[in-house]
Amino acid sequence: MIFLANMWDGLLGERGLELLADSFGGVSGNWLSPPRQMSTPPAGSRILLSPSVMESAVTPMTAFDRGADVVGWVLFPDQLLGWDWRHQTYRHMITPVLQDTLLICRILAANSEYTAGNLRQTGVDSEVSILPLGVDINGIRAARDDRREKAGVHVLWAHMWRSQKNPDKALRVAAEVLKRDPGLRVTIGRAGTWLDDQHSPPEFREEVLTLARSLQAQGGDRVRFVEHFDSARSYWQLLSQVDISYSCSAEESFGVAMLEHAAAGAACVCPSALCYPEVHKHARLVPPTETDIVDAIAELAADPALLTQARSRSLAHAATYPIEATVRGIVRLFN
């Protein structure tokens, strides 16, 4: 049995959980959908710990007390390295939860070289393995919906509505690309996924909501806001209708959302910073300004041949990050 501490089932998907159950004889964890949801690990568990400072998290010391073997996997470094909310940057300090993690984990892994580099900059001198996330390539392909709802290029932004993901910038980008090309359609995903006030202060929420109302009024039926999906398959079906996906994130340690979009065949436009040059090196990488992101989207939308090439490159690169490889990597960490 393996216990996934401080993760959610969407991160590894149903396919990943099935493969883990096959490899370890069962899987449970906290922050997972029932019936796998548990508040503490069973005694003697093998624990894959994603260290977190959230109140509902399994702490490193709880994992050490309950686990026969604890492996750390750093997925959210902003929670470990001290995050400056005002300036949206790492403080690069060894926080108590990181210190405890280093004490109790037999192996420490990071989701990307970008995250490992931030750990080293903080002063972590232990060896850090790289264990990338993966996506359900076959599931995304099987869910493909070839029916085109309307003519025109379909553009998507779909991240959590928190300050680090810059939804305000994303909405301004969407408004500008609609001005540039009257044939474009825009979908804004995960509407209203605010998390807590630390991630999305009240004044920030009001600014984003004002921009969202303005975008809807500007675009009419060319703009769609989507709050949630009934299943991964319904989400993947939407992705198969997307031509261009873009990110404006100020902090991103892996970018699994953009990887899913690429796996569905969208041309991806990403900032040329953070983890993107490493994990999304075949995306259209541009300086992280609104103008540069808008220009890249507009250029792709205006040139069918260029768009087809960009979609092909994104798709081919996403295929190198299958969830099967992630599960094999988890098994190796425990062997």
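Just above, that's the structure.
Please read these numbers as outputs of a predicted model, since none were measured by experiment. (Residues numbered from 1 in each chain as written. Predicted model: local features only at pLDDT ≥ 70, side-chain atom pairs only at ≥ 80, totals over all residues. Heavy atoms only, no water.)

K.L.:
Please give an account of the sheet that holds strand β1 (residues 2-5) that cites residues and values.
P.N.:
The parallel open sheet is built from six strands, whose spatial order is β2-β1-β3-β4-β7-β8. Where the open sheet ends on each side, the last strands, each with one partner, are β2 (27-29) and β8 (128-130). Across the sheet, the axes of successive neighbouring strands diverge by a mean angle of 30°, strand direction being ignored. Bridge count between strand β3 (residues 45-49) and strand β4 (residues 67-74): five bridges; the pairing is parallel. Within the sheet, the bridge partner assigned to S45 lies in β4 and is G67. Packed on one face of the sheet, helix α13 (residues 323-334) meets β1, β3, β4, β7 (107-110) and β8 and runs near 135° to β4. (Pairing = 2+ DSSP bridges. Helix = DSSP H or I, 4+ residues; strand = E, 2+ residues; numbered from the N terminus. Axes fitted to C-alpha atoms, helices over the stretch in contact; angles between N-to-C directions. Contact = heavy atoms within 4.5 Å.)

K.L.:
Any chance you could break down the state of the cysteines for me, citing the residues and the numbers?
P.N.:
Applying the stated criterion across every chain, the model contains zero disulfides. Here C275 is not cross-linked by a disulfide; its sulfur's nearest cysteine counterpart is in C270, at 8.1 Å. On the accessibility criterion, C275 (0% relative accessible area) is buried. (Disulfide = S-S within 2.5 Å. Buried < 20%, exposed > 50% of the residue type's maximum accessible area, 1.4 Å probe, protein only.)

K.L.:
Explain unusual backbone geometry to me, and be specific about the residues and the numbers.
P.N.:
The backbone phi angle of H92 is positive, close to 50°, even though this residue is not glycine. On the secondary structure map, H92 appears in the loop between β6 (89-90) and α3 (96-104).

K.L.:
Hey, could you go over empty space enclosed by the protein for me, with residue numbers and the actual values?
P.N.:
If a probe the size of a water molecule is rolled over the atoms, the empty space left behind becomes visible. According to the stated counting rule, one finds one cavity of 30 Å³ or more in the structure shown. In this model, the largest cavity occupies a volume close to 50 Å³. Lining the largest cavity we find L259, A262, C268, H280, H282, A283, S314, H317 and A318. At the level of secondary structure, the elements contributing two or more residues to the lining of the largest cavity comprise α9 (256-263) and α12 (304-318). Considering each element in turn, the lining of the largest cavity owes the most residues, three residues, to α12. Residues belonging to the lining of the largest cavity are distributed by class as follows: five nonpolar, four polar and no charged. (1 Å grid on protein atoms, 1.4 Å probe; cavity = no way out; pocket = protein on both sides within 12 Å on 5 of 7 lines; lining within 4 Å. Points joined across faces, edges and corners; volume = space filled by probe spheres on them. Nonpolar A, V, L, I, M, F, W, Y, C, P; charged D, E, K, R; others polar.)

K.L.:
Before we move on, can you summarise the sheet that holds strand β12 (residues 244-246) with the specific residues and values?
P.N.:
Pairing is parallel across the open sheet formed by six strands, whose spatial order is β11-β10-β9-β12-β13-β14. Edge positions in the sheet fall to β11 (223-225) and β14 (284-286), since each has one partner strand and no second. Across the sheet, the mean angle from the axis of one strand to that of its neighbour is 20°, orientation sign disregarded. Summarising the sheet, strand β10 (residues 185-189) and β11 pair through three bridges and their orientation is parallel. Across the sheet, the residue bridging to T187 is R224, located in β11.

K.L.:
Give me the lowdown on the nonpolar core, citing residues and values where you can.
P.N.:
Of all hydrophobic cores here, the largest spans 62 residues; its most connected members are I2, L4, L48, W73, L119 and I330. The dominant element in this core, judged by the number of residues it contributes, is helix α1 (residues 9-24), at six residues. If we skip the residues at most four places from it in the chain, L119 touches V74, L81, L98, L108, A110, V124 and V128. W161, V173, A191 and W194 belong to the second-largest nonpolar core, a separate cluster that totals 35 residues. (Core = buried A, V, L, I, M, F, W, Y, C linked by side-chain atoms within 4.5 Å.)

K.L.:
Which residues make up the environment of C248, and what are the values?
P.N.:
One can find C248 in the loop between β12 and α9. For C248, a relative accessible area of 2% gives the class buried. Residues C248 and P167, spaced 81 residues apart in sequence, show a C-alpha to C-alpha distance of 7.7 Å. Setting aside chain neighbours within four positions, we find C248 in contact with W157, K165, N166, K169, A170, V173, P271 and I293.

K.L.:
Kindly report on the packing of α9 against α12, identifying the contributing residues and their values.
P.N.:
Taken N-terminus to C-terminus, the directions of α9 and α12 make an angle of 115°; their axes are 7 Å apart at the nearest point. For the pair α9 and α12, the sense of crossing is left-handed. Each of L259, A262 and A263 in α9 lies in contact with α12, whose residues at this interface are S314, L315 and A318. In terms of residue class, the contact of α9 with α12 is made up of five nonpolar, one polar and no charged. (Left-handed = near helix turned anticlockwise from the far one by under 90°.)

Keep in mind these values describe shape, not function.
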